[in-house]
Every structure is written in C-alpha cells, then in structure tokens.
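Overview (structure and organization)
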Amino acid sequence: MNKIFKNQHSAKKTPRKKRRTFWQTFAIGCLFLSFAVLLLSSIGAAVLYFKYSKELPDVRMLKEFQPSTITKLYSDSDELIAEFYIEKRILIPQEKIPLKMKQATLAVEDSHFYYHFGIDPKAITRAFITNFKAGRVVEGGSTITQQLAKTLFLTRDRNISRKIKEAILAIRLELIFSKDEILEIYLNQIYYGHGSYGIEAASRTYFGKSAENLTIEECALLASLPKAPNNYTPYRHPERAKKRRNHALRRMETLGFITPEQAEEGQKAEFNLGEITGMLNRAPYFVEYIRQFLQETYGSNQIYREGLGVYTTLNIDFQEVAQQAIQNNLLIADKRYGYRGPLGTVDLSENPFTIQNTLRELNGLSEDEEITLEKDVTLKGAVLEVTDDDVLVGLGKHEGIIELKDMDWARKPNILVDGRWAKIASAKRALSPGDLILVKVLGSREEDMRWSLSLEQEPSVQAGLISLETGTGHIKAMVGGYSFSKSQFNRAVQALRQPGSAFKPIIYASAIKEGFTPASIVIDSPIIFKEKIDAFDKWKPVNFEKKFYGPTSLRTALTHSRNIVTVKLLQEIGVGRAIKMARELGITSPLSNNLSISLGSSGMTLMELTSAYSAFANRGERISPIAVRLIENRTGDLLYSAQPEVTQPISSGLAYTITSLMQSVVQDGTAKKVKVLNRPIAAKTGTTNNNVDAWFIGFSPEIVTGVWVGRDDYEPLGVNETGSRAAIPIWLQYMKHVLQDSPKLNFPESRDIIFTKINPETGDKANFRESGSRFEAFMDDFRDEVNEDELETGLEDISLLKEETF
C-alpha cells in the first residue's frame, strides 16, 4: 500500500470555544437523536445481515480457491500447440503485476481501496443520489472488494437484494484477506473482454506480451476495460477506448500516481495492439483426437477449468508440413476431376455498389472494408466478360484476368475421362458473365495494371495422413481432412475405407510365415470362384492391367501388385491365417472371412494399417500408437504417463523379408516416384475398385507414414486416380521434409535371414556366376537347402545386393 499511495498528513485541530448553555442542551439533544438513529440503523443493519447472510457462501473458501485456467497442449519439443478453456486465464502472483497496473485499476475503479473496510459509504451515497435522479439503478458505487464478491459469488442482477449481499460478502472478505491479496485475486479474476480473464491473459490478448512489460498507457487502457469490455474495446471502438484510457491517465495524474508529463505523453500515444486470435489450435485434427482422449479420461470440468499440462508426441514442424501437403495436393488433384460450376451468380445490370457489397459479403468483409489483393491470396470475384482466351473478373474496386492456361482444367466432371489430359479449348466452355467464382491472385500485370488470376475451387475430395515413429509408436503428424473448420470428421482415425492392394503385405507376410519365399512361383492365370463361401458368387478377379503374366515370383507379384497371384496365395494358406496375422498386427476392424480380403475388400482405418506396417520397419515389433507422453495438473503433479504397449507379432526375419519385398515396390514397381528420395524406402500403393479409394503407406527405418485419398460419398475419383497418382504426391511432399536432415539409414538386418542367388524366372537356386541370377532373401529355415559354399560366397558379396537395390 505504501508504494501505491503517498503519505497523507492530518490537519491541525483547533480548539472549539465554549458555547452557551442553550447550545450545550441542543448538542446533548442532537447527541441522543444521533444515538437513536445509530441504534435504529444498527438494528436495521443487523436485521438485514441476518436476513441476507443465511445462504451466503463462506468466503474463507477463497483460501483454497482455484479459478478456471487454461489446459495447454505441448508438442514433442514442449512447444505450445493448443489450448482448451472456458475462461482464458493465466494466473500470475502480485509481484509480477506492474505497480502502474495496480495504480491504474485503483484510479478508475476504487481510489479509496486502501482506506475503506469493503464498502465505501461516500461512493454509496453518490450512487444513491444518481440512481434516485435516474429512477433506476444506473450506478453501483461498488468497491473493488464488492466487485470481486459479485464476480465470485453472486449473479449479475441489479437489485437491492444483491447489493446488500454484495456488501456483506465484501466486509467478510476484508476481515479474512489483506488488501494486497484482494487486489491480486481481483486482477487475476476480472473479465477484460475478447475472452480474456485476468490481467496476464488480457495483456497477451491486447498487446501480445506479458503483463510485466506493459507501459503506463497500456496499463491505463486495460484498467479502463472491466467496466464495459465490449463498449470500450479498442478493436471495435478505438475512439471510445482512447477517451476511456485518457480518463484513466488523468485520474492517475490527479491521484499522484504519474506526473503531468507522463499523463500528457500517454494520452498522445497510439494503440499498438496485437492480433486477436481464437483458442490456439495449430493441429486441429490431432488436437480434437487428444480432446476426446481427455474427455474420456478426465471429463469436461478438468479439461476446460483445471489447467492441465498435456505433453503430446506431435512434431509440430512435421504436422504443419503435413497439413500443407494435403491442402496443396488436394487442390491439384481436384482440378483433374473437373469444374463443378460457379458459387452463384450476380446480375451485372445492378448498381455497381450493390455488386461490390455482394463481393464484400462473400469475402467476409464489412461494408466499410475494401477487398485487398496480394499474391497467392484466394478470393471470390464476379465474372464481368468472357472471351475464348481469357476472363475479366471484378474484385471490388480491382479487376483481374484469368488466361485460358490458368483455367483449362475446368471441363465438366466425367469420371470416365482421365483428367490429367482433358482440357478445354475456350474459356466460354466453363464461365459466363455474372458467375461468382473463386480465384487465386498470381501477381500483377504490367501491361494493363490489372491482376493475373487463376480459377480455383474448394476440393470435394478428401484425404487423411498419419505418421508414426517406428521405434516408439509416437504419432508425429495427423491430418484428418482438407479443412477442420468445414469438416471435423477425422479420416485418419475414424474412416473405415477399403485399403485395396495396401493390404497385400499382410497376405504375403502370412504366406512367408507358412513356408513360401520371395522366390516362390505362383501361376498368374484366370480363375473363377463359383462358391459364395470363397468370395462372391462367380467372382473373377483380374489384374489392374487386365492381363495375365504366367509364372510369377512373390517378389514380382507384390512389386507390380498382381491381384490373381495374391488371391491364389491366400487360397493356398487359408483365410483364417491371414486374418490371424492382421489381428496380431493390430487391425481390429471387421474382416470378411473370404478370399476377397486378399485385395483389401474389408474396410479399416488409416491408423490401423499404418500401425501394422510399423512392425515391418521395426524388426517385427509393434508398438501401439501413442499420442500423449504425460499429463500434469496445474501444480505440476504427474497425472498420467504413457506406458508403451509392445508386441512381437512377427519375427525379425519375416519383418525383414516383407520390407525387402516392399523395397522392390519402390525400386521397380508402382511406387517408383518415391525413388527421388534416394534412400531406403519400403512402401505399397493401394487402389480399390472403380478408383474409389487411393492409398499409399511407406516407411524409412525410423518413420512410417500412411496417406488415404477419396470422397466421403464413396464416389469414384476418376480414371487412373490410383494410389500412385493421388496419394503418393502428398506422402512425398511430407516425407521429403521429414527426412531432409536425417542420415540415410539401411533397414536393420536380421540374423534369421540368409541370402543366396536364384534364377528369378524359376525361383530355383542358381550358380553364383550364372547369368541373370540375383540375390534373394530367405528365412533361416531355408539354410539347410543351401550349399555352405554358396552361402559363404553369398554373404561375402551381400554388399553387391545393397548396391543394386539402393
């Protein structure tokens, strides 16, 4: 208190002269009258006290009071990525609250705070007169202690009953807590607008910095807000806010808190406001996944009020790249599927101002805001003129040109046409004057001072991405769709989609476990299943190329995703064994008990299948996906610590064999695009019937990433929209970034594996120098069939195999 207020000196008392007897008698009468009034007032106060204090809370509970605070989510490097709260509040001790902030608050709210006992009779009298003149309650006369009592314990009703309760609670607070404690609680509790409670949250909201660093004029502005935050917010009412702030500065000067020079300088200062943001959320699909986990574990109250510290496994750098990769590539892919038409139309004969207002509304602007153009910004505009070669677009007071080359993709949707090559020859085929369209600003045109634009549209196709650290199971990135604001459905963990050929590695793992080898030969020839018990009635599986390839090794079959070989393989080993393998690898979704699962006919989540692949990359060991490392309460006590669920569904030798087969998919098969990474990668594409679903799951020794692309309504993507074309670009953009600074590691070898040369045409062992022969990986139980000299020679030259492969 001594810091806040200067010492005050009492005036000298002058002795009164003796009065006449009459005045003495009069004084005694007045004294008795005053005593009677005081007695009656005391009795009245006591009656009011007992009447209204019966159901009031015990203010001593504030000793243990813990106001709502923010639950914070952190990345794998402890960087803040998201917040959950009902009241945005960050508690700080009074020693970190600037002196000028305290003084500014007292200046505008309660200048007698350190001199009253919870209520201020002078302020109450003033408020009574004001309210009497107005004929209603317009001024409260509440002290800071009363405001705190109202905020913590009472409703916002404006009536005499509440004011009496407020006064009682205020007096009780003053009896229990010191003035400094009351001021500290008040400054951490009160509402400052824009969702911010307490001075620290308000400081960060309005000025983007901690309360410790506030200037005098910033303290004055914040102190002026609690009276009516919505009326005095500088974002909506800057002039009103400035007047209120300057009033606070003048009050601070009057009370001696600041000098006249400081007050004058503060009143001249302009606002230096930060950007108002909503609840922090840098990874919306992942954050919602975490919120659901917290909801099930702790409930809403703890999530939104108890200020938990949630430390996740997410790599925020990887996550942001993943989000960008999905958005970029879905925009590109969606153009291959054709133009779905304008957003609407506008009558160009209307008043130009009416059209401009329509465009402002479409672009989310108010009537007094203008459309601003910057490179790479996407906006909504109106088509003004159309020729064969270009389109003139109105964007408020600006105009832009779309050249044919920047919209030649805008054919009518047709799933029977390959969108990569289908183009329009005239802009008139797609657009007409009056069309409302989405455009992207490419830059300015020097020749006519207009803007260069491209035609855009929001993708109707969706995607999901999940990325796991193979050695820990930690989720490093998770994206569930193109836009969380438009669809909260998480396609990475909730969508059950047919994986197509992406399921084949599980079939091959089952076969090799049952004695097949990568060199085993299966005849690729027509086959028809007439019995429903096998698959479907009169089911005739075919290869993607609609051809048959005769004798085919398992390595070649997986490399080129041959369907018939896979079906025959499953028929040989039995559906039950494949389902058992899938279950051991962590797939819990229902699986059809027939041969069609060999081609990925049963729906499952991207998370399930990607996690299953992690066992191939991790020596046969699978660690269930982990999203949260640990959780602490507001005081730092540990509430939860992740305990990895580790299983060994397959041997290290089997894991290495499948990984080797999937490396061939990258080197020679359907995933050749991935070779640009120039490092060991194992992967598999997946495409379902009619190109409804496109998958790609691939892994390096340290990380496995899965991508799915498709439509929510299960409509086909279009001709040749396979996993290779639709899903790999997303995967590749993401993994290029993830692996760019990582050393090039080979997949770990297994002691259960031996290498020997074979004839790839027959699968038989070959002499070491035999022309056309190559090394092949075999499980250890093949050792007895291999000549020791051949084995020794093969092991000496195993480096040749690595050079050929990588």
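Summarised in this report is the structure supplied together with it. (Residues numbered from 1 in each chain as written. Predicted model: local features only at pLDDT ≥ 70, side-chain atom pairs only at ≥ 80, totals over all residues. Heavy atoms only, no water.)

1. Here we look at the overall build of the chain
For the chain, the count of helices and strands is 24 helices and 25 strands. When the 806 residues of the chain are sorted by exposure, 52% land in the buried category. Partitioning the intrachain contacts of the chain with sequence separation of at least 6 by distance along the chain shows that 69% fall at a separation of at least 24. Element-wise, carbon and sulfur atoms account for 51% of the exposed surface of the chain, whose accessible area totals about 39,500 Å². (Helix = DSSP H or I, 4+ residues; strand = E, 2+ residues; numbered from the N terminus. Buried < 20%, exposed > 50% of the residue type's maximum accessible area, 1.4 Å probe, protein only. Contact = heavy atoms within 4.5 Å. Areas by Shrake-Rupley, 256 points an atom, 1.4 Å probe, with all protein chains shown as cover.)

2. Thoughts on helix α19 (residues 575-584)
Residues of α19 that are buried: Val 575, Ala 578, Ile 579, Met 581 and Ala 582. One face of α19 carries all of its buried residues, which in axial projection span an arc of 160°. Contact partners of the buried residues in α19: α16 (504-513), α18 (563-573) and α21 (652-668). (Arc of directions from axis to C-beta.)

3. Side note on the nonpolar core
Ranked by internal contacts, the top residues of the largest apolar core, which has 122 residues, are Tyr 508, Leu 609, Val 709 and Tyr 734. Considering every element that reaches this core, the biggest residue donor is helix α22 (residues 723-739), with 10 residues. Apart from residues no more than four positions distant in its own chain, Leu 609 is found in contact with Pro 499, Ala 502, Phe 503, Ile 506, Ile 587, Met 604, Trp 695 and Ile 697. Ranked by size, the runner-up nonpolar core spans 50 residues in total, among them Val 108, Phe 113, Phe 177 and Ala 223. (Core = buried A, V, L, I, M, F, W, Y, C linked by side-chain atoms within 4.5 Å.)

4. Regarding empty space enclosed by the protein
Per the counting criterion, the structure on display carries two cavities of 30 Å³ or more. Around the largest cavity sit Phe 616, Ala 617, Asn 618, Arg 619, Ser 652, Ala 655, Tyr 656, Thr 659, Phe 747, Pro 748, Glu 749 and Ser 750, which together line it. Counting residues per element, the lining of the largest cavity draws most heavily on α21, at four residues. (1 Å grid on protein atoms, 1.4 Å probe; cavity = no way out; pocket = protein on both sides within 12 Å on 5 of 7 lines; lining within 4 Å. Points joined across faces, edges and corners; volume = space filled by probe spheres on them.)

5. Remarks on helix α2 (residues 99-109)
Burial within α2 is extensive, with nine of its 11 residues counted as buried. The inward-facing, buried residues of α2 contact α4 (144-153), α6 (179-189), β4 (191-193), α7 (199-207), α8 (216-223) and α10 (238-254).

6. Here we look at the packing of aromatic side chains
In this description, a pair of aromatic rings is defined by centroid distance and the angle of the planes. Within the structure shown, the criterion is met by 15 aromatic pairs. Ring geometry for Tyr 74 versus Tyr 311: centroids 4.8 Å apart, planes at 15°, classification stacked. Of this pair, Tyr 74 sits in strand β1 (residues 71-74) while Tyr 311 sits in strand β6 (residues 309-312), placing them 237 residues apart in sequence. Overall, the relative accessible area of 18% leaves Tyr 74 in the buried class. When the ring of Tyr 613 is compared with that of Phe 699, the centres are 6.5 Å apart and the planes differ by 90°; the resulting orientation is edge-to-face. (Phe/Tyr/Trp six-rings, centres within 6.5 Å; stacked < 30°, edge-to-face > 60°.)

7. Section: the environment of Asn 746
By secondary structure assignment, the location of Asn 746 is in the loop between α22 and β24 (753-758). Residue classification places Asn 746 among the partly exposed positions, given a relative accessible area of 42%.

8. A word on the layout of surface pockets
One simple way to see leftover space: roll a probe sized like a water molecule over the atoms. In this structure, the second largest pocket occupies an estimated 820 Å³ of space. Lining of the second largest pocket is provided by 32 residues; of these, Phe 544, Asn 563, Thr 687, Thr 688 and Asn 689 occupy positions nearest its centre. Residue assignment for the lining of the second largest pocket shows that the elements contributing at least two residues are β21 (682-687) and α22. Counted by class, the lining of the second largest pocket contains six nonpolar, 21 polar and five charged residues. (Nonpolar A, V, L, I, M, F, W, Y, C, P; charged D, E, K, R; others polar.)

9. Some details on the sheet that holds strand β23 (residues 703-710)
Pairing in this open sheet of five strands is antiparallel, and the strands run β14-β13-β23-β22-β21 from one edge to the other. Looking at which strands have only one partner, the edges of the open sheet turn out to be β14 (475-479) and β21. Neighbour-to-neighbour, the strand axes of the sheet open up by a mean angle of 5°, direction not taken into account. Sheet topology note: the strand β13 (residues 462-469)/β23 ladder contains eight bridges and is antiparallel. (Pairing = 2+ DSSP bridges. Axes fitted to C-alpha atoms, helices over the stretch in contact; angles between N-to-C directions.)

10. Some points on the pairing of strand β22 (residues 693-699)
Side chains on a regular strand alternate between the two faces of the sheet. For β22, the tally of buried residues reaches seven of seven residues, placing the bulk of the element in the interior. Both faces of β22 are covered, namely the face carrying Asp 693, Trp 695, Ile 697 and Phe 699 and the face carrying Ala 694, Phe 696 and Gly 698. Across six bridges, the pairing between β21 and β22 is antiparallel. Considered in β22, the bridge of Thr 685 is made with Phe 696. Here β21 folds back onto β22, and the loop between the two strands holds five residues, one of which, Asn 690, carries a positive phi near 60°. Where β22 meets β23, seven bridges bridge the pair, whose relative direction is antiparallel. The residue of β23 that forms the bridge with Ala 694 is Val 709. Here β22 hands over to β23 after three residues, the two strands then running antiparallel side by side.

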